[in-house]
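# Architecture and fold: a report
Read off the chains here:
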Amino acid sequence: MALHQGALAILENNVGVSDAVLLDPMTEEAFLENLQTRFKHNQIYTYIGTVVVSVNPYQNLPLYTPDVIDEYRSRNIYELPPHIYAISDEAYRSMRDRNLDQCVIISGESGAGKTEASKVIMQYVAQVSGKGREIDRVKEQLLQSNPVLEAFGNAKTLRNDNSSRFGKYMDIEFDFKGDPIGGVITNYLLEKSRVASQTPGERNFHIFYQLLAGADSTLLESLKLSSKPDDYGFLNKSGCIKVDTIDDAANFNAVKVGMEVIGFYRDEISQVFQLIASVLKLGNVKFVHRSNPDGTDGCDINSGQEVSDVAQLLGCPAKDLTSALTQRTVEVKREKVKTDFSEEGATYARDALCKAIYSRLFSWLVERINDSIKVKHEQKTKVMGVLDIYGFEVFKTNNFEQFIINYCNEKLQQIFIELTLKEEQEEYIRESIEWIHVDYFNNAVICDLIEKNNVGILALLDEQCLLPGNVTDKTFLEKLNQKCKDHPHYESRALRKNQSDRTLPHDAFRLKHYAGSVTYKVDGFIDKNNDLLYRDLSQAMYACNHKLIRKLFPEGNPSQKSLKRPPTAGSQFKVSVQALMKNLLSKNPNYIRCVKPNDDKSAGVLDLDIVKHQVRYLGLMENIRVKRAGYAFRQVYAQFLYRYKMLADETWPSWSGDAVEGIKYIIANQGIPDDEIAFGKSKIFIRNPKTLFDLEGQRRERMHFLATLIQKVWRGRVKRQHFLLMKRSQVIISSRFRGYWGQKQYKRKKQATLVLQCGTRRWKARKVLAELKYQRRLLLAAIFCQKLRRGVQARKLLAELKLQKRMEWAVTVIHKYYMGWKVRKNYKPKFRRIAGPKVARFFVTALKRKFLFDVRDNLPSLSPVDNKWPTSPKMYKDASDQLQVLHHRWRCRKYRKKLSEFQKYTLREKLTASALFKDKKVIYPESVPIPFKGDYLDLRGDLKWKKIQSITSEINLVFADLVYKVNRNDGKIVQQLLVVSSQALLVIDHKTMILKYRIPIEYIDKISLSPYQDKLAVFHLKKPQNGDNFAKKGDFIIGNEHIIEIVTKAALCVRNQTNNMPEIHVGPQCNGQFGNTSVQVSFQQGVKGLETGLAGVKVTRKKKMMLISEP
Ligand SMILES: Nc1ncnc2c1ncn2[C@@H]1O[C@H](COP(=O)(O)OP(=O)(O)OP(=O)(O)O)[C@@H](O)[C@H]1O
Ligand SMILES: [Mg+2]
């Protein structure tokens, strides 16, 4: 086998035959010798086809360094010496590149190196897969789960210092790139009986010793522990505490680091240690016998300190814990009664509790780890599963646990047989390939003996457990003897065929496993299968104040009434093993068959007998024979053709004919000899792996070539497209640029022209401006000269005039002086006599003149209402008053002359109103400045009015407005339209414009008003003459804003018609004639709280009284 050039030294010295299929002669001796030779040269791995046989070296070999991993990375399995890395790589690449889920099944007896092999696989996968913060975190968590689970689930046994006491199947999940993104761990039945007792020379689970050796004094103190394992009943009985190959203290630190890396919270970690401490403490609780007065057995605890320590650790009252440990509740006739445990019973219950706490804690740990390592985001994953389950075990005394462990190993052997021996041989026959059958031992018969429904040992055990009454391990054995007596793999002292076999005790049965006979003591089978815990104990645990312990004992919740029996330990295990088998069968299997070289764990020693035994029961020789006679590789035709179609021109890129024909072209093309290939019914078989690798190599090369070709064409296309795009772009860019450049040039020229134009115009304009400025300067100069000349002339003239004026003044002065002189000369003799009165008169006249001139200059305006008059000296006050009167009259006359006829009529009306109401009616003054409008509703133009006018022949509409008419009977007020015409008063319905009645104006006899604020008037009518219907109802009262105007106008109309003014009575009372009744109408002022009616007026009629009140 060609060794890769760069292989490391350890890989170079290949001795013996690395693939046992190539052995010659192919005998058991040759195979063992080959193993031994290789083993001596530290070559512990040997292939049988693709199965790795691993012999435990019991020493550290330099086989697992990162360099070695790099060497095996992405290499074909036969290129380098056999190694777990090689099949790990094969499985990893097959998963990543072909999308096939993988599983690695590691089998072998206890101490053969399964757990180590599983770690080697994980180490390889961690190194070859991708890198990155998140990926490294996942890898680290997956790797760190090993020390944690080993601490809690492994123990030193006689066969292995680090024996797995639980089964573990770990699925590592990868993303499409092959990077690990999470995982799931499934655990199988922990050997919990080890918690309470161990075979001499064995130890309890590692964690107990690790905690005591590794915890610092503070932690130990808080857990109430001493550091000496000898102090604890669960650790000091087997006589083995220290193991040379194990450093408990260092491992304890590794466990703590591991838990932190995985993501356990600090308080979770301390809770876990509290439970471990509690188990140790509980193991020290001792019971002493007590006889109860009723004759029954009871017990007391003689180590109260331990109980109170546990109670403190778990957070429950010591009293309750004591009670749960020494008594139990039983139901007698539906009544709950507490009965005492005997000393043995209490010890049994205590152990059961410790085992339950520990095994549940272990399951919780696995769940918690799963929680941390699970894939965080939902996505499609590829899986590689690694199965490391407890190996086949034979001890001096074997119990229920060994029975379960060995059953599991039988199942694994079964899978191996199914897939490598049975299925493979059957496939050759199915595919009509020439085949000589290879005989092998099929252990299905033993699996059936154990697990078959209804008749298998597990079913019989369950049946016994369910039977009521006195069921013991002995009755179970009897049942087995009865049902299995004829089975060739079952032996018991009670059976005739084994009666003389003294090696077989009476309380045991023996099974002939594929790996050898094992004698099982039936002691404890029933109890362990039942796996029940007294309800008092689970309730006591649930009642604790400790978060974790409460979680572990959910059935202790008193509100949980379910009395349904939980499935037995055996049936649970059977179900989970069957699920595991199904899972393994659904994946592509890879095998590592571990072999133990000696029973003393010694390095470099290979005991041929021991190895021979394992080689036999593992069926390795049969495996070699089948592999040798058979074919290394097979594949469905279509798939094969699809994978290698590029290796022949005829089949590339596609082949439409029969797949076998296509494949024949490929084979011929590659020059593969005929005996290398066999054509089955649906598959092609290739004998030698080398042929396949050659094909793969060719494929890779061809793929490389094709990829380059595709790349070439693709790049050419991309480049061409890019070129065309560039060309198109270049045309666009250059056209745009030219356009832009032309535009720019044009703008520049335009700009330059404008500049030139501007310059020229500016030059011209400047020239014109200079011309204009010159002319203007000339003009200004001329004007200036003119001004100067005129100034000279004017000053000359002024001087002349001034001179003339001075001369005139001088003449006047001289004349005055002369005249004065003359007068004085003439009047000198008369002057003294008449001078006084003359001067006085002169002054008086001057004052009068001044007064009159002042009045003339300060006369007031011509408005008759303007009261201003200039002030006068006291002595002319009378004259001033008279002058004012005269002036007023004069301007009044002037004003009157300017008035139109209409204005005069209006003023006459106002004058009449003044005569009638001035100083009589309070509201009169406010009516004075408001002009009398008369037709407030513009009725004169209204068609309906015109119609009424034509019917009644009214000549002139004097007044029209809505008025309030007071009902004569009850004083209620309604609105009506009142029209005063020159001939009559008309009352009209304002809504319908229907004339209600018409009163000729001459019938108005008198009109009465109050002197107060109200705006009401009582119209008194003359007594009706015969036939005068309109006046029958009598006098009426109306109210309106313009009552002064109405009364004035009505009175004037009456005077015009009759030449007599009607009587206008203003007073607080009047007599009204309402119909035939004479009523006294009184006006009352100052009534409080009045708000209704017309302008706050309230009218009330009481018989012959009508009271009109106003506020
Ligand atoms: N490849 C190896 N190189 C060095 N030592 C090994 C190797 N494989 C196994 N050993 C040693 O053998 C011991 C037992 O191996 P391991 O625990 O893997 O056995 P196992 O098959 O898992 O046994 P069990 O079924 O009891 O769990 C290890 O503790 C280690 O000392
Ligand atoms: Mg193991």
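Scroll up to find the structure.
Quick look at the structure, then. Each residue is numbered by its place in its chain's sequence as written, counting from 1. By the order in which they are written, chains take letters starting at A while ligands take numbers starting at 1. pLDDT decides what is reported in this predicted model: residues at 70 or higher carry local features, side-chain atom pairs at 80 or more are listed and counted, and totals for whole chains, interfaces and linings draw on all residues regardless. Note that the side-chain values use all heavy atoms of the structure and ignore hydrogens as well as water.

## Digging into helix H10 (residues 248-262)
Rule in force here: Secondary structure elements are defined from DSSP: runs of H or I of at least 4 residues count as helices, runs of E of at least 2 residues count as strands, and each element is numbered from the N terminus. Working rule for helices: expected span equals 1.5 Å times residues minus one. Here's how the labels work: a residue is buried when its accessible area is under 20% of the maximum for its type, exposed when over 50%, partly exposed in between, all with a 1.4 Å probe on protein chains only. By arc we mean the arc of the directions from the helix axis to the C-beta atoms, nothing more. The contact definition used throughout considers only heavy atoms, calling two residues in contact when any of these lie within 4.5 Å. Pairing of N or O atoms within 3.5 Å defines a polar contact, subject to two protein rules: one partner must be a possible hydrogen donor and the other a possible acceptor, and residues neighboring in sequence count only if both atoms are side-chain atoms.
Taking 1.5 Å of rise per residue, 15 residues should cover 21 Å, and H10 covers 21 Å from first to last C-alpha, within 8% of that figure. The set of residues buried in H10 consists of Asp248, Phe252, Val255, Gly258, Met259 and Ile262. The buried residues of H10 occupy an angular sector of 125° when projected down its axis, which confines them to one face. At its buried positions, H10 is contacted by helix H6 (133-153), helix H8 (206-214), helix H9 (217-222), helix H11 (266-283) and helix H14 (343-373). At the N-terminal boundary of H10, the capping side chain belongs to Asp247, with an oxygen 3.3 Å from the backbone nitrogen of Ala249. Gly263 sits one or two positions beyond H10 and adopts a positive phi of about 115°.

## Re the packing of aromatic side chains
Quick reminder of the rule: Each Phe, Tyr or Trp ring (for Trp, its six-membered ring) is paired with any other whose centre lies within 6.5 Å, and the angle between the two planes then decides the class: stacked below 30 degrees, edge-to-face above 60, tilted in between. Only when the NZ atom of a Lys or the CZ atom of an Arg is both within 6 Å of the ring centre and within 35 degrees of the ring normal do we say a charge sits over the ring.
For the structure shown, the criterion picks out 37 aromatic pairs. Ring centres 4.9 Å apart and planes at 90° place the aromatic pair Phe416 and Tyr591 in the edge-to-face group. Pair noted here: Phe416 is in helix H15 (residues 400-430) and Tyr591 is in strand S16 (residues 588-595), with a separation of 175 residues, a long-range link. Each of the two residues, Phe416 as well as Tyr591, counts as buried. For the pair Phe476 and Phe525, a centre-to-centre distance of 5.7 Å together with 25° between the ring planes defines the contact as stacked. Note that Phe476 is positioned in helix H18 (residues 473-484) and Phe525 in helix H19 (residues 525-530), a separation of 49 residues in sequence. For the pair Phe476 and Phe525, one class covers both residues: buried. Members of the aromatic cluster, joined through ring pairs, are Phe400, Phe403, Phe476, Tyr490, Phe509, Tyr520 and Phe525. Here Arg687 stacks its cationic end above the ring of Tyr631, 4.3 Å away from the centre of that ring.

## Comments concerning the pairing of strand S30 (residues 1098-1102)
Regular strands show a simple pattern: their side chains alternate between the two faces of the sheet. Cut-off, in case you're wondering: Being paired, for any two strands, means DSSP has found at least two bridges between them.
Two strands pair when backbone bridges link them, and S30 and strand S31 (residues 1105-1110) are joined in this way by five bridges, in the antiparallel orientation. Counted as the bridge partner of Arg1101 is Met1106 from S31.

## What about the coordination of the magnesium ion (ligand 2)?
Stated formally: Donor atoms are limited to N, O and S found within 2.8 Å of the metal ion, a distance that becomes 3.2 Å for Na, K and Ca. With water left out, some sites might look partial.
Ligation of the magnesium ion (ligand 2) by protein atoms is provided by Thr115 (OG1) and Ser164 (OG), these donors lying 1.9 to 2.1 Å from the ion. Here the residue Thr115 occupies a position in helix H5 (residues 114-128), and Ser164 occupies one in strand S5 (residues 163-164), the gap between them amounting to 49 residues. In this pair, the class of Thr115 matches that of Ser164, namely buried.

## Topic: the packing of H10 against H11
When two helices pack together, their arrangement is given by the angle between the helix axes and by the axis-to-axis distance. Short version of the rule: In this analysis, axes come from line fits to C-alpha atoms, helices being fitted only over the stretch in contact, and the angle between any two N-to-C directions falls in the range 0 to 180 degrees. Our angle categories are set so that under 35 degrees counts as roughly parallel, over 145 as roughly antiparallel, 65 to 115 as roughly perpendicular, and the remainder as oblique. Here a crossing is called left-handed whenever its near helix is offset anticlockwise from the far helix by less than a right angle, and right-handed whenever the offset is clockwise. Put simply, Ala, Val, Leu, Ile, Met, Phe, Trp, Tyr, Cys and Pro go in the nonpolar bin, Asp, Glu, Lys and Arg in the charged bin, and everything else, Gly too, in the polar bin.
Contact geometry of H10 with H11 gives a least axis separation of 10 Å together with a crossing angle of 140°. One finds that H10 runs oblique with respect to H11. Crossing of H10 against H11: the hand is right-handed. Seen from H10, the contacting residues are Phe252, Lys256, Met259 and Glu260; seen from H11, they are Arg266, Ile269, Val272 and Phe273. When its residues are assigned to classes, the contact of H10 with H11 shows five nonpolar, no polar and three charged.

## So, the side chain of Asn160
Relative to the assigned elements, Asn160 resides in the loop between strand S4 (154-155) and S5. Aside from chain neighbours lying at most four places away, what touches Asn160 is Ser110, Gly111, Ala155 and Lys601.

## Remarks on the sheet that holds strand S19 (residues 683-686)
The strands making up a sheet associate through hydrogen bonds between their backbones, and the pairing can be parallel or antiparallel. Reading across the sheet, the three strands line up as S17-S19-S18 and stay open at both edges, with antiparallel pairing between neighbours. Of all strands in the sheet, those bounded by a partner on one side alone are strand S17 (633-636) and strand S18 (677-679). In this sheet, adjacent strand axes meet at a mean angle of 20° when their direction is disregarded. Two elements, S18 and S19, share three bridges in a ladder whose sense is antiparallel. Opposite Phe679, over in S19, you have Ile684 as the bridge partner. Sheet strands in contact with helix H25 (residues 637-644) are S17, S18 and S19, and its direction is about 100° off that of S17.

## Things to note about the pattern of salt bridges
Keep this limit in mind: Here, a salt bridge means any Lys or Arg side-chain nitrogen found within 4 Å of an Asp or Glu carboxyl oxygen.
Throughout the structure, instances matching the rule amount to 52 salt bridges. The residue Glu401 makes a salt bridge to Lys528 at a minimum N-O spacing of 3.3 Å. With Glu401 in helix H15 and Lys528 in helix H19, the pair connects residues that are 127 residues apart, well separated along the chain. With a relative accessible area of 23%, Lys528 lands in the partly exposed category.

## Re the nonpolar core
Let me state the cut-off plainly: Here, nonpolar core refers to any group of buried Ala, Val, Leu, Ile, Met, Phe, Trp, Tyr and Cys residues whose side-chain atoms link them within 4.5 Å.
If you look at the biggest cluster of nonpolar residues, it comprises 182 residues, and the most contacted ones within it are Phe31, Phe152, Phe208, Phe509 and Ile592. With 15 residues, H14 is the single largest residue contributor to this core. Of all hydrophobic cores here, the second largest spans 34 residues; its members include Phe917, Val980, Phe1019 and Leu1021.

## As for unusual backbone geometry
In this structure, the amide linkage connecting Trp652 to the following residue, Pro653, adopts the cis form with an omega of 5°. You can see Pro653 is positioned in the loop between H25 and helix H26 (659-670). For Met993, which is not glycine, the phi torsion reads 60° and is therefore positive. The topology assignment puts Met993 in the loop between strand S22 (984-988) and strand S23 (995-1000). A relative accessible area of 14% places Met993 in the buried class.

## A look at H15
Relative to the 45 Å expected for 31 residues at 1.5 Å per residue, H15 spans 42 Å between its end C-alpha atoms, a close match to the ideal helical length. Once H15 ends, the next one or two residues include Ser432, with phi positive near 60°.

## Digging into the site of ligand 1
The condition that has to hold: Throughout, the term near means that a residue has one or more heavy atoms lying within 4 Å of the molecule or strand in question. Under the convention used here, a 1.4 Å probe and the Shrake-Rupley method define accessible areas, while residue burial counts only the protein chains that appear.
Surrounding ligand 1, one finds 19 residues, the nearest of these being Ser110, Lys114, Thr115, Ser163 and Ser164. At 2.7 Å, a backbone N or O of Ser164 approaches an oxygen atom of ligand 1. Protein burial of ligand 1: of its 630 Å² of free accessible surface, 87% is covered by the chains. Among the secondary structure elements, those contributing two or more residues to the shell around ligand 1 are H5 and S5. Top element by residues in the shell around ligand 1 is H5. It accounts for three residues.

## Regarding the environment of Cys594
Position of Cys594 among the secondary structure elements: in strand S16. We classify Cys594 as buried; its relative accessible area is 0%. Those residues in contact with Cys594 that sit more than four places away from it in its chain are Ser54, Ile106, Ser107, Gly108, Glu109, Ala112, Gly113, Lys114, Gln614 and Leu618.

## Focus: the sheet that holds strand S6 (residues 167-174)
An order of S1-S2-S16-S3-S12-S6-S7 is seen for the seven strands of this open sheet, with the pairing classed as mixed. Both edges of this open sheet fall to strand S1 (45-48) and strand S7 (180-188), since each of them pairs with a single strand only. Averaged over all pairs of adjacent strands, the angle between their axes in this sheet comes to 20°, without regard to strand direction. By the bridge criterion, seven bridges tie S6 to strand S12 (residues 382-388) in an arrangement that is antiparallel. Across the sheet, residue Glu173 finds its bridge partner in S12, namely Val383. Lying over the sheet, helix H4 (residues 84-98) contacts S1, strand S2 (51-55), strand S3 (102-107), S6, S12 and S16, oriented at roughly 150° with respect to S12. Along the sheet, H14 contacts S6 and S7; its crossing angle with S7, the most-contacted strand, is approximately 165°.

## What about the environment of Tyr631?
With respect to the helices and strands, Tyr631 occurs in the loop between helix H24 (620-629) and S17. On a C-alpha basis, the gap between Tyr631 and Tyr428 in space is 9.2 Å, while along the polypeptide they are 203 residues apart. Apart from the residues within four sequence positions on either side, Tyr631 is in contact with Glu424, Tyr428, Ile433, Glu676, Ala678, Phe685, Ile686 and Arg687. Only 3.0 Å separates the side chain of Tyr631 from the side chain of Arg687, close enough to count as a polar contact.

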